[in-house]
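Chain and residue survey
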Amino acid sequence: ELKVEQNPLFLSMQEGKNYTIYCNYSTTSDRLYWYRQDPGKSLESLFVLLSNGAVKQEGRLMASLDTKARLSTLHITAAVHDLSATYFCAVDLPSMYSGGGADGLTFGKGTHLIIQP
Amino acid sequence: DSGVTQTPKHLITATGQRVTLRCSPRSGDLSVYWYQQSLDQGLQFLIQYYNGEERAKGNILERFSAQQFPDLHSELNLSSLELGDSALYFCASSPTWSSYEQYFGPGTRLTVT
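The shown structure was predicted, so the numbers you read here are calculated from the model rather than taken from an experiment. Residue indices begin from 1 for each chain and proceed along its sequence in written order. For naming, the first written chain is A and the first written ligand is 1, with later ones following in the order written. Given that this is a predicted model, residues contribute local features only at a pLDDT of at least 70 and side-chain atom pairs are listed and counted only at 80 or more, while totals for whole chains, interfaces and linings are drawn from all residues. Only hydrogens and water are set aside; all other atoms, that is, all heavy atoms of the structure, feed into the side-chain values.

1. Quick look at the side chain of Q37(A)
Note the cut-off: Numbering goes from the N terminus for both helices and strands, where a helix is a DSSP run of H or I of at least four residues and a strand is a run of E of at least two. Between buried and exposed lies partly exposed: a residue is buried under 20% and exposed over 50% of the maximum accessible area for its type, with that area taken using a 1.4 Å probe on protein chains only. Contacts are residue-level and defined by heavy atoms, with any inter-residue pair within 4.5 Å sufficient.
Looking at where Q37(A) falls in the secondary structure, it is placed in strand β4 (residues 32-37). You can call Q37(A) buried: its relative accessible area is 8%. For Q37(A), the residues in contact, after removing those within four places along its chain, are S42(A), L43(A), A85(A), T86(A), F88(A), Q37(B), L88(B) and F90(B).

2. Overview of the packing of aromatic side chains
Our working definition: In summary, the pairing rule links any two rings of Phe, Tyr or Trp, Trp by its six-membered ring, whose centres are within 6.5 Å, and it sorts them by plane angle into stacked for under 30 degrees, edge-to-face for over 60 and tilted for everything else.
Inspection of every chain in the model, using the stated rule, returns 9 aromatic pairs over all chains. Between F107(A) and Y35(B), the aromatic rings sit 5.7 Å apart at their centres with planes inclined by 85°, giving edge-to-face as the arrangement. Taken together, the positions of F107(A) in strand β10 (residues 106-107) and Y35(B) in strand β4 (residues 31-38) put the pair across two chains. Accessibility assignment for this pair places F107(A) and Y35(B) in one class, buried. Considering the side-chain rings of Y35(B) and F104(B), the 5.3 Å spacing of their centres and the 40° angle between planes classify their relative orientation as tilted.

3. Quick word on the state of the cysteines
All names here are of chain A. The following threshold applies: By disulfide we mean two sulfur atoms from cysteines, separated by a distance within 2.5 Å.
If you walk through the whole model with that rule in mind, you get 2 disulfides over all chains. Linked covalently through their sulfurs, C23 and C89 form a disulfide whose S-S length is 2.0 Å. Judged by the torsion about the S-S bond (80°), the C23/C89 disulfide is right-handed. Of this pair, C23 sits in strand β3 (residues 19-25) while C89 sits in strand β9 (residues 85-91); the two residues are 66 residues apart in sequence, bridging distant segments of the chain. Judged by its relative accessible area of 0%, C89 falls in the buried class.

4. Some words on the confidence of the model for chain A
Where the model shows low pLDDT, its predicted coordinates should not be examined in detail. All names here are of chain A. In plain terms, the rule: A score from 0 to 100, pLDDT tells how confident the predictor is in each residue.
Of all residues in chain A, 91% attain a pLDDT of 70 or more, and the chain-wide mean is 89. No element of chain A has a lower mean pLDDT than β10, at 92, and none a higher one than strand β8 (residues 71-76), at 97. When the criterion is pLDDT under 50, residues 97-101 qualifies, and its contacts beyond four places in sequence or with other chains add up to 14 contacts.

5. Considering the layout of surface pockets
Keep this limit in mind: Buriedness for pockets is judged along seven lines, at least five of which must meet protein on both sides within 12 Å for an open set on the 1 Å grid over protein atoms alone, while cavities are sets there where a 1.4 Å probe fits but cannot get out, and lining residues have an atom within 4 Å of a point. Grid points are joined across faces, edges and corners, and a volume is the space filled by probe spheres set on the points.
In this structure, the second largest pocket spans a volume of roughly 640 Å³. Lining the second largest pocket we find 23 residues, and of these Q37(A), F88(A), Q37(B), S38(B) and L39(B) sit closest to its centre. Secondary-structure elements contributing two or more residues to the lining of the second largest pocket are β9 of chain A together with β4, β5 (42-50) and β9 (87-94) of chain B. A per-element tally of the lining of the second largest pocket places β9(A) first, with 3 residues.

Printed below as a string of structure tokens:
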């Protein structure tokens, strides 16, 4: 059974600071996703990481994937209040059907991030 | 706006009842996924349909069922509802079975009283 663990689960930080959210998963996979969720809202896709060593950046957020360590990180640089949200990582496994494809995602519990002015 | 639509937005019902949640995928997407988000269980994958056929099952209860129709919209049926079924139910879609990114709808908030 695939397990996905995020830490920390809660993070309060000040604007301007840097921090990293970690996502560990239990089974070999080279597909990892990061989503953002605002309170009461849907999930917004942030990053799709599809290979070992993949690194993607968007604004103050940067995500990376190490498939050998089964670890992904989401790094926040010079945080601003607008980045306050819950961040989820999710992993899927290669489809049990003919090659490739995406089955359901297994999500971590989420990191509730509060950025204070 | 992801292009995935879900109705209704909110639903309040009593224990023992049955409800149907509806999802329309993005135009052209063939695959639909259903997820449940609750405080206790977090975000859980329930079931996936691709072009009308069931393709993968997650932690879906026997009281729950789903289907995808020829026009590709999908319905999630929840029966014999219990208090613990109160949750946010999301639908997501992707273009084909080989697509990696899933686009999430706004969700249906179900409250069972």
